Amino acid sequence: MARLPRFVLSGHPQHVIIRGNNRDPVFLADDDYRFFLDKLADAAKKHQCDIHAYVLMTNHIHLLLTPHKQDSISKLMQMLGRYYVQYFNYTYKRTGTLWEGRYKASLIDSEQYALICYRYIELNPVRAQMVSSPSEYPWSSYRANALGQYDALISPHPLYDGLGQDATQRQAGYRDLFKGQTDELSLEKIREATNKAWVLGSDSFKQKIESQLNRRTDKLAKGGDRKSDAFKQQFKKINRV
């Protein structure tokens, strides 16, 4: 069965995940993280992607980014993968694939989910019980977004800029986002949308994307009358994709 193309609209943020093959580690030393971030910065600049948030976990990576061309993300990931796999295989005297298939990506409804995704990404080390606070983890964007630590990789999303009138206010407003807990339903929506390459957003946002791209943006509702005109129209639409 042919794979559907990813949802891509220039100017709309996406949550991207790439995992190590068989969930094996893809970072074994500090130099590995540094090399990956250097190449990520090069690829983002070359292929016109703004990186808003990131976290490099031991065996996977999360990115929140906005592409400015239709193929920006795919070319960024190709370039990044090529350089990093060569580096990793040479450094550790190995051969073969490093990543678990294609990267996964979900188009994000900025107004509803952009800041939630910031938080979701940077809290990964806390949820994994690697640290007690995101500020303790060195391989994420939290220190830049929340504490003002310089990170050439980071380009703030407009919603982040809207958190305050200056950098101090924005950082304080951003830290406030981490005081409460993200509800489990939002976490599950983020995970499902990214893993299944759906659109993450409100019903109106999904309808807007469906009309622009002429394809459904979410899973089909279970059940329903398969003999109804509504079901038949939905079925026809899916099979045109």
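Predicted, not measured: the structure shown is a model, and the values here were computed from it. (Residues numbered from 1 in each chain as written. Predicted model: local features only at pLDDT ≥ 70, side-chain atom pairs only at ≥ 80, totals over all residues. Heavy atoms only, no water.)

Participant: Got a minute to help me understand helix α3 (residues 110–122) in this structure?
Facilitator: A turn of α-helix holds 3.6 residues, and therefore any two residues three or four places apart point the same way. In this model α3 runs 17 Å from its N-terminal to its C-terminal C-alpha over 13 residues, within 8% of the 18 Å that 1.5 Å per residue would give. Taken residue by residue, α3 has S110, Y113, A114, C117, Y118, R119, Y120, I121 and E122 as its buried positions. (Helix = DSSP H or I, 4+ residues; strand = E, 2+ residues; numbered from the N terminus. Expected span 1.5 Å × (residues − 1). Buried < 20%, exposed > 50% of the residue type's maximum accessible area, 1.4 Å probe, protein only.)

Participant: Please explain helix α2 (residues 72–91) as it appears in this structure.
Facilitator: The end-to-end C-alpha separation of α2 is 28 Å, in line with the 28 Å expected for 20 residues at 1.5 Å each. Three or more residues of α2 are buried, namely S72, I73, L76, M77, M79, L80, G81, Y84, V85, Y87, F88 and N89. Contacts made by the buried residues of α2 are with β1 (14–19), α1 (30–46), β2 (49–56) and β3 (60–67). Of the residues trailing α2, K93 is marked for its positive phi of about 50°. (Contact = heavy atoms within 4.5 Å.)

Participant: Would you mind going over the side chain of H62 with me for this structure?
Facilitator: Looking at the element boundaries, H62 is found in strand β3. Within the structure, H62 has its side chain in polar contact with the side chain of H15 (distance 3.0 Å). With residues up to four places along the chain from it excluded, the contact list for H62 reads H15, V16, I17, A53, Y54, V55, Y120, I121 and N124. (Polar contact = N/O pair within 3.5 Å; in protein donor to acceptor, adjacent residues only side chain to side chain.)

Participant: What exactly am I supposed to notice about the confidence of the model for the protein here?
Facilitator: When pLDDT drops low, the exact placement of atoms in the prediction is not to be read closely. Predicted confidence across the protein gives a mean pLDDT of 85, with 83% of residues reaching 70 or more. In the predicted structure, residues 234–241 sits below a pLDDT of 50 and forms seven contacts with residues beyond four places in sequence or in another chain. (pLDDT = per-residue confidence, 0-100.)

Participant: Mind showing me how you'd approach the sheet that holds β3 here?
Facilitator: Within a sheet, adjacent strands bond to each other through the backbone by hydrogen bonds, running parallel or antiparallel. The antiparallel open sheet is built from four strands, whose spatial order is β2-β3-β1-β4. Whereas interior strands pair on both sides, the edge strands pair on one side only; in this sheet they are β2 and β4 (104–107). Averaged over all pairs of adjacent strands, the angle between strand axes in this sheet comes to 20°, irrespective of strand direction. Sheet analysis places β1 next to β4, joined by four bridges and oriented antiparallel. For Q14, the partnering residue across the bridge sits in β4 and is L107. The strands that α1 touches are β2 and β3; relative to β2, the one it contacts most, it runs at about 165°. (Pairing = 2+ DSSP bridges. Axes fitted to C-alpha atoms, helices over the stretch in contact; angles between N-to-C directions.)

Participant: For this particular structure, what's the right way to read the nonpolar core?
Facilitator: Soluble globular proteins tend to pack their nonpolar side chains together in the buried interior. By size, the foremost hydrophobic cluster in this structure holds 57 residues, and its most contacted members are F36, L40, L56, I61 and W99. Elements represented by at least two residues in this core include exactly β1, α1, β2, β3, α2, α3, α5 (142–147) and α8 (184–195). In terms of residues, this core owes the most to one element, α2, which gives nine residues. In terms of nonpolar packing, the next biggest core, distinct from the first, is built from five residues, L9, L107, V199 and I209 among them. (Core = buried A, V, L, I, M, F, W, Y, C linked by side-chain atoms within 4.5 Å.)

Participant: Whenever I open this one, the packing of α1 against α2 confuses me. Can you help?
Facilitator: Geometry of a packed helix pair, given as the angle between the helix axes and the separation of the axes. Relative to each other, α1 and α2 sit at 150°, their axes nearing to 9 Å. Classified by the interaxial angle, the pair formed by α1 and α2 is roughly antiparallel. In terms of crossing hand, the pair formed by α1 and α2 is right-handed. Across the interface between the two elements, D31, D32, F35, F36, K39, L40, D42, A43, A44 and K46 of α1 pack against L76, M79, L80, Y83, Y84, Y87 and F88 of α2. Classifying every residue of the contact of α1 with α2 gives 12 nonpolar, no polar and five charged. (Parallel < 35°, antiparallel > 145°, perpendicular 65-115°, else oblique. Left-handed = near helix turned anticlockwise from the far one by under 90°. Nonpolar A, V, L, I, M, F, W, Y, C, P; charged D, E, K, R; others polar.)

Participant: So what exactly am I meant to see when it comes to the packing of aromatic side chains here?
Facilitator: The description of an aromatic ring pair uses the distance of the two centres, along with the angle that the planes make with each other. A full pass over the atoms with the stated rule returns 17 aromatic pairs. Seen in terms of ring centroids, F27 and Y84 are 5.6 Å apart; in terms of plane orientation they differ by 55°. Their pairing is tilted. Remark: Y84 occurs in helix α2 and F27 occurs in the loop between β1 and α1; sequence separation between them is 57 residues. Summarising the burial analysis for this pair, F27 and Y84 share the class buried. Seen from their ring centres, Y118 and Y160 are 6.1 Å apart, and the 20° between their planes marks the pair as stacked. On the criterion of sequence distance, the pair formed by Y118 in helix α3 and Y160 in helix α6 (residues 158–161) is long-range, its members being 42 residues apart. When its relative accessible area of 6% is taken as the criterion, Y160 is described as buried. One aromatic cluster is present, built from ring pairs that chain together F27, Y33, F35, F36, Y84, Y87, F88, Y92, W99 and W139. A cation over a ring is seen here: K39 above Y83, with NZ or CZ 4.6 Å from the ring centre. (Phe/Tyr/Trp six-rings, centres within 6.5 Å; stacked < 30°, edge-to-face > 60°. Lys NZ or Arg CZ within 6 Å of the ring centre and 35° of its normal.)

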